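Fold and geometry: a report
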Amino acid sequence: MRASYREYVTAGQRLLINHALESPLVPMSNASEPSALMPPLYAGIVATIYGLTGVESYSSTFILKSVNIMASTITVWLVFLIARCITAQSTYGWIAAIVVTIHPAMIGFTDFIWDTSIFACGATLTIWFAIHISNKPFTWIRWSGYGFWLGGLALLNPSLTIAYPLLVLWPLHRSGALQTRVVCRAVTYCVCGWLIAIAPWTIRNYIQVNKLLYVRSGLGLEFWLGVCPEADTNGAEVYDAQYPLKNHMIQSHVSQVGENNYITECGNRAIDVIKKDPIRYIRLIAIRTVDFWFGSTFSHAKPGQWGWPQSMARNAIFLFLSAEMLLFCWCILLARRINIDLAWLAGMAIAFSITYCLTHIQLRYRAPMEPLVAVIMAVAMAQAFSPKEKENSQVDQAVA
């Protein structure tokens, strides 16, 4: 397995052996400090499977990859249900499901010992939960449980948190319950459930890492990887030059100063670089935005490559994402009106992209949003190609 993707392998192994989450950025032979770099849930899954079948054994690797495949399979079924529910037509449910099934990003990253496939399933299940509770009577148990689920999802991967306000308000809008009193109650119950879910991990981090963190501590490092000197001169060298697992000098430095101090250093350096040349930072954000939505590699290209992927797998993802985005834009232009669910879902996808566009981009960061993007595209197609008479009939039935 490539060194730049061994974080969860190392975290799971150390959790199994030392019964603690320790830094995955330094070699196993070195003493390590408590770490909050990796969210706890997937590290716990890896540690559990390693404990049952052996550390990095053939069986454990097979099981972890099989879990990814199972999660992706469930995601396909959920995408079908969501798209069918929103469009009220099975045809568009099948279109969305097929897109996810054949999507190279959804297929390729099942081979990684990483949370990508499970997180994609969890994010899709969250959309399904939101639709489900929008059709049910309002109860404090249902909404606090929804908030607890959102907290649990953050412990798997916190990157969707920026879209949580939309995920709370959208089902209220669908149910016609956007009155101030109902919104305040729903938000309160959700926040309480969310706080209960993340509280143990937050307390652990405050005690052992001496910081009040939201799930993970790596934001400073992510910012630095996005603005380091290599970011706009030779993006392909960013990891080789700046990431501890691929640079022994930096790894030695992390061993000396500690993971937490190193991440703080990275954050401070990133802030200084951004302040020194904000125009450069804005340009890098624009490049990463194109990368995120169209699958190009402008932010990771070697000089002279112009962002065209150099491997067949990356080419496939690039072409698929580009075709997907162009088809979506075409459908929006053809649509006679914008479905309100489409607007909410598009807002969630855009919100999810913000953190990555501001910090650091890799192709796998887009994969968890693919199910949502497939649903959005299916809804846009339904708006563009559904007969007008059918729309009028549906409106008349709604009014009746």
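Residues numbered from 1 in each chain as written. Predicted model: local features only at pLDDT ≥ 70, side-chain atom pairs only at ≥ 80, totals over all residues. Heavy atoms only, no water.

1. A look at the pattern of salt bridges
- Within this structure, the stated rule accounts for eight salt bridges.
- In this structure, the salt-bridge partner of Arg-283 is Asp-232, at a minimum N-O distance of 3.0 Å. In this pair, Arg-283 is assigned in helix 14 (residues 278-294) and Asp-232 in the loop between helix 10 (219-227) and helix 11 (238-242), connecting sequence segments 51 residues apart.
- Between Arg-366 and Glu-324 there is a salt bridge; the shortest N-O distance is 3.3 Å. Of this pair, Arg-366 sits in the loop between helix 16 (340-358) and helix 17 (370-385) while Glu-324 sits in helix 15 (residues 312-334), and the two are 42 residues apart along the sequence.
- For Glu-324, a relative accessible area of 3% gives the class buried.
- Among the charged side chains, a network of salt bridges with common partners joins Asp-232, Arg-280 and Arg-283. (Salt bridge = Lys/Arg side-chain N within 4 Å of Asp/Glu carboxyl O. Helix = DSSP H or I, 4+ residues; strand = E, 2+ residues; numbered from the N terminus. Buried < 20%, exposed > 50% of the residue type's maximum accessible area, 1.4 Å probe, protein only.)

2. Side note on the environment of Ile-350
- With respect to the secondary-structure elements, Ile-350 resides in helix 16.
- Here the alpha-carbon distance between Ile-350 and Leu-319, two residues 31 residues apart in the chain, equals 20 Å.

3. Remarks on unusual backbone geometry
- Phi angles above zero are rare outside glycine, and His-19 is one such case at about 55°.
- Topologically, His-19 is positioned in the loop between helix 1 (7-18) and helix 2 (40-53).
- Here Ala-88, not a glycine, exhibits a phi torsion of approximately 60°, which is positive.
- Along the chain, Ala-88 turns up in the loop between helix 3 (58-87) and helix 4 (90-102).
- Residue classification places Ala-88 among the exposed residues on the basis of a relative accessible area of 55%.

4. Quick word on the confidence of the model for the protein chain
- Taken as a whole, the protein chain shows an average pLDDT of 89; of its residues, 92% reach a score of 70 or greater.
- No element of the protein chain has a lower mean pLDDT than helix 18 (residues 388-399), at 40, and none a higher one than helix 7 (residues 140-156), at 97.
- Between residues 389-400, whose pLDDT stays under 50, and residues either more than four places distant or in other chains, the model counts five contacts. (pLDDT = per-residue confidence, 0-100. Contact = heavy atoms within 4.5 Å.)

5. Some remarks on the nonpolar core
- Counting residues in each nonpolar core, the largest one holds 118 residues, and the members touching the most others are Tyr-146, Leu-160, Trp-170, Leu-345 and Met-348.
- If one sorts the elements of this core by residue count, helix 17 sits on top with 12 residues.
- Setting aside residues no more than four positions away along its own chain, Leu-345 makes contact with Ile-86, Ile-127, Trp-170, Leu-372, Val-375 and Ile-376. (Core = buried A, V, L, I, M, F, W, Y, C linked by side-chain atoms within 4.5 Å.)

6. Description of the environment of Thr-10
- Here Thr-10 shows up in helix 1.
- Counting along the chain gives 17 residues from Thr-10 to Pro-27, while the straight-line C-alpha distance between them is 8.8 Å.

7. Brief notes about the packing of helix 6 (residues 116-134) against helix 7
- Viewed as axis vectors pointing N to C, helix 6 and helix 7 meet at an angle of 165°, and their least axial separation amounts to 10 Å. Classified by the angle between their axes, helix 6 and helix 7 sit roughly antiparallel to one another. Both helix 6 and helix 7 take part in a crossing whose hand is left-handed. Across the interface between the two elements, Ile-118, Phe-119, Gly-122, Ala-123, Leu-125, Thr-126, Phe-129, Ala-130 and Ile-133 of helix 6 pack against Arg-142, Trp-143, Tyr-146, Trp-149, Leu-150, Leu-153 and Leu-156 of helix 7. (Axes fitted to C-alpha atoms, helices over the stretch in contact; angles between N-to-C directions. Parallel < 35°, antiparallel > 145°, perpendicular 65-115°, else oblique. Left-handed = near helix turned anticlockwise from the far one by under 90°.)

8. Remarks on empty space enclosed by the protein
- Counted under the stated rule, the structure contains two cavities of 30 Å³ or more.
- Volume-wise, the largest cavity comes out at about 80 Å³.
- What lines the largest cavity is simply Ile-82, Ala-123, Thr-124, Ile-127, Leu-160, Met-348, Pro-368, Met-369, Pro-371, Leu-372 and Val-375.
- Split by residue class, the lining of the largest cavity holds 10 nonpolar, one polar and no charged.
- Empty space within the second largest cavity amounts to approximately 60 Å³.
- Forming the boundary of the second largest cavity are Leu-225, Gly-226, Ala-231, Val-238, Leu-284, Arg-288, Ser-299, His-300, Thr-359, His-360 and Ile-361.
- Of all the secondary-structure elements, those providing two or more residues to the lining of the second largest cavity are helix 10 and helix 14.
- Partitioning the lining of the second largest cavity into residue classes produces five nonpolar, five polar and one charged. (1 Å grid on protein atoms, 1.4 Å probe; cavity = no way out; pocket = protein on both sides within 12 Å on 5 of 7 lines; lining within 4 Å. Points joined across faces, edges and corners; volume = space filled by probe spheres on them. Nonpolar A, V, L, I, M, F, W, Y, C, P; charged D, E, K, R; others polar.)

9. A short note on the packing of aromatic side chains
- This structure, assessed with the given rule, holds 20 aromatic pairs.
- Through a chain of ring-to-ring contacts, three or more aromatic side chains come together here, namely Phe-119, Phe-292, Trp-293, Phe-352, Tyr-356 and Tyr-365.
- Here Arg-269 stacks its cationic end above the ring of Trp-224, 4.6 Å away from the centre of that ring. (Phe/Tyr/Trp six-rings, centres within 6.5 Å; stacked < 30°, edge-to-face > 60°. Lys NZ or Arg CZ within 6 Å of the ring centre and 35° of its normal.)

10. Focus on the side chain of Asp-115
- Secondary-structure assignment places Asp-115 in the loop between helix 5 (104-108) and helix 6.
- Buried within the structure, Asp-115 lacks any salt-bridge partner; Arg-364 is the closest side chain of opposite charge, at an N-O distance of 5.9 Å.
- A polar contact of 2.9 Å, which involves the side chain of Asp-115, links it to the side chain of Tyr-8.
- For Asp-115, the contacting residues outside a window of four places in its chain are Tyr-8, Tyr-42, Leu-156 and Asn-157. (Lys, Arg positive; Asp, Glu negative; His and termini not counted. Polar contact = N/O pair within 3.5 Å; in protein donor to acceptor, adjacent residues only side chain to side chain.)

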